[in-house]
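Chain by chain, the residues run as shown.
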Amino acid sequence: MLEAIEIVPDVYWVGGIDWNERYFHGYTTERGSTYNAYLIVDEKVALIDTCKVPFADDLLERVRSVVDPARIDYIVSNHGEPDHSGALPRVVAAAPNARVVVGAGKGEEILRAYYGDGLDLMSVKTGDELVLGERTLTFVQTPMVHWPDNMVTYDAFDKVLFSNDAFGQHLATSKRFDDEVGLPEVLLQAKKYYANIVMPYSRQVRKALDAVEGLDLAMIAPSHGVIWRSHVGDILREYAGWCANEPDEAAVVVYDSMWHTTEAMAKAAAEAFVERGVPVRLLDVKRNHISDIMTEVLDAKYIAVGSPTLNNSMMPTVAEFLCYFKGLAPKGRVGLAFGSYGWAPVGPNEVAAQLEAAKVAQPVEPVTRQWGDDGTAQVAMAEAVAALAQV
Ligand code: FEO
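Residues numbered from 1 in each chain as written. Predicted model: local features only at pLDDT ≥ 70, side-chain atom pairs only at ≥ 80, totals over all residues. Heavy atoms only, no water.

Once that is clear, we can look at the sheet that holds strand E23 (residues 367-370). Across the sheet, which stays open at both edges, the five strands sit in the order E18-E17-E19-E22-E23 with parallel pairing between neighbours. Among the strands making up the open sheet, the edge pair consists of strand E18 (280-284) and E23. Taking the axes of each pair of neighbouring strands and ignoring which way they run, one obtains an average angle of 15 degrees across the sheet. Direction of pairing for strand E17 (residues 248-255) relative to strand E19 (residues 300-306): parallel, over a ladder of six bridges. In the sheet register, Val253 faces E19, and the bridge partner there is Ala304. Set on the sheet, helix H11 (residues 316-328) makes contact with E17 and E19; between it and E19 the angle comes to about 150 degrees. Across the sheet, helix H13 (residues 376-388) lies against E19, strand E22 (334-341) and E23, angled at about 170 degrees from E22, the strand it touches most. (Pairing = 2+ DSSP bridges. Helix = DSSP H or I, 4+ residues; strand = E, 2+ residues; numbered from the N terminus. Axes fitted to C-alpha atoms, helices over the stretch in contact; angles between N-to-C directions. Contact = heavy atoms within 4.5 Å.)

So this is what it looks like as structure tokens:
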């Protein structure tokens, strides 16, 4: 029997725990995830978000441990992505009198596109309120954190912000609160989540932070992972730092190699960063998932990417990383392309072109080396890093 978990009096977590989720469209979730929904029992009963389809039964069972789902008056859909709305048809069937509260415009459009015109939608805009009894919910639309429809819901009575994707972590745990898991683990997962999901939308994150800045917050209850209760200030500070696009004086060197020449160049770059006092991570794309590399990129100003030439192109592993990197669009980065070749330096030049397409500043030309290295390329790498670190 699954039970609801009361997070404050009369407000319950009723979500699903996805212990074995390991891949979330391109992002490795080594600790699984959760799809959080919250039940508020006041004179009116409100459910905040639903969950992924396979967890619909879990959600309804947890709701039933508190109230008959037929008593739900409102289902607030903060975001239409199916990890939060997939169970909506099942929940609506169990709660036939419920109105679905959704952000005006894109929120309505997305829910209708996925679930048809049969839903009883009640659209809301920033500042709109919904009285439940003692509690009044206030809505704030936060477009592009992470789809155009996103909004957050604030319960001033309990001082809880239901933030949906914002401040989430892909972290499956039997614990529901940040202090029960421990800050380092939660922050690490929040950082990976930001780097791989939220990073392209830093401007919108800043706006969302401004919109919630004046709120009295005892808890931030996201739609993934644990609830921020003891470390609300910490996660707000981290988000403010991440969205400022002012990465640390730190470097990430990413490479693949066939016969170790590009690898030797990568090691020379890493050593040159160390000599200049710049913390560095040296990451072989064959041995590090691109989503973990991006977590390192979040804090690093410098990005050096190396590929030899393979079949008149860069290595597919490096191309995959650069495609993902460009999509996540880190800003304010300084880059260096490098790599070895046999008869044409196509690989490193393609890396440079992709870094340029990703709007990474490249103050020096790609460093290339034909066949094996006699040490010359390693010296050239050290000189290139020295030029880079002066930017
Ligand atoms: Fe967790 Fe954008 O959905």
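Picking up after the structure, the text goes on.
What follows deals with helix H9 (residues 261-275). Counted at 1.5 Å a residue, the expected span for H9 with its 15 residues is 21 Å, and the 21 Å between its end C-alpha atoms agrees. Within the span of H9, buried status applies to Thr261, Thr262, Glu263, Met265, Ala266, Ala268, Ala269, Ala270, Ala272 and Phe273. Its buried side turned inward, H9 meets E17, E18, E19, E22, E23 and H13. Looking one or two residues past H9, Gly277 carries a phi angle of roughly 80 degrees, positive in sign. (Expected span 1.5 Å × (residues − 1). Buried < 20%, exposed > 50% of the residue type's maximum accessible area, 1.4 Å probe, protein only.)

With 87 residues, the main nonpolar core has Leu39, Leu47, Tyr239 and Phe321 as its most contacted residues. In contact with Leu39, other than residues within four places in its own chain, are Asp10, Val11, Tyr12, Val14, Val45, Ala46, Leu47, Val63, Val66, Val67 and Ile72. Counting residues in hydrophobic clusters, the runner-up holds 26 residues, among them Tyr74, Phe162, Met219 and Ala221. (Core = buried A, V, L, I, M, F, W, Y, C linked by side-chain atoms within 4.5 Å.)

Right, let's talk about the environment of Asp158 for a bit. Position of Asp158 relative to the elements: it lies in the loop between strand E14 (151-155) and strand E15 (160-164). As a C-alpha pair, Asp158 and Thr142 span 16 residues in sequence and 21 Å in three-dimensional space. If we skip the residues at most four places from it in the chain, Asp158 touches Val8, Pro9, Val11, Arg135 and Ala218. At a separation of 2.6 Å, a polar atom in the side chain of Asp158 contacts the side chain of Arg135. (Polar contact = N/O pair within 3.5 Å; in protein donor to acceptor, adjacent residues only side chain to side chain.)

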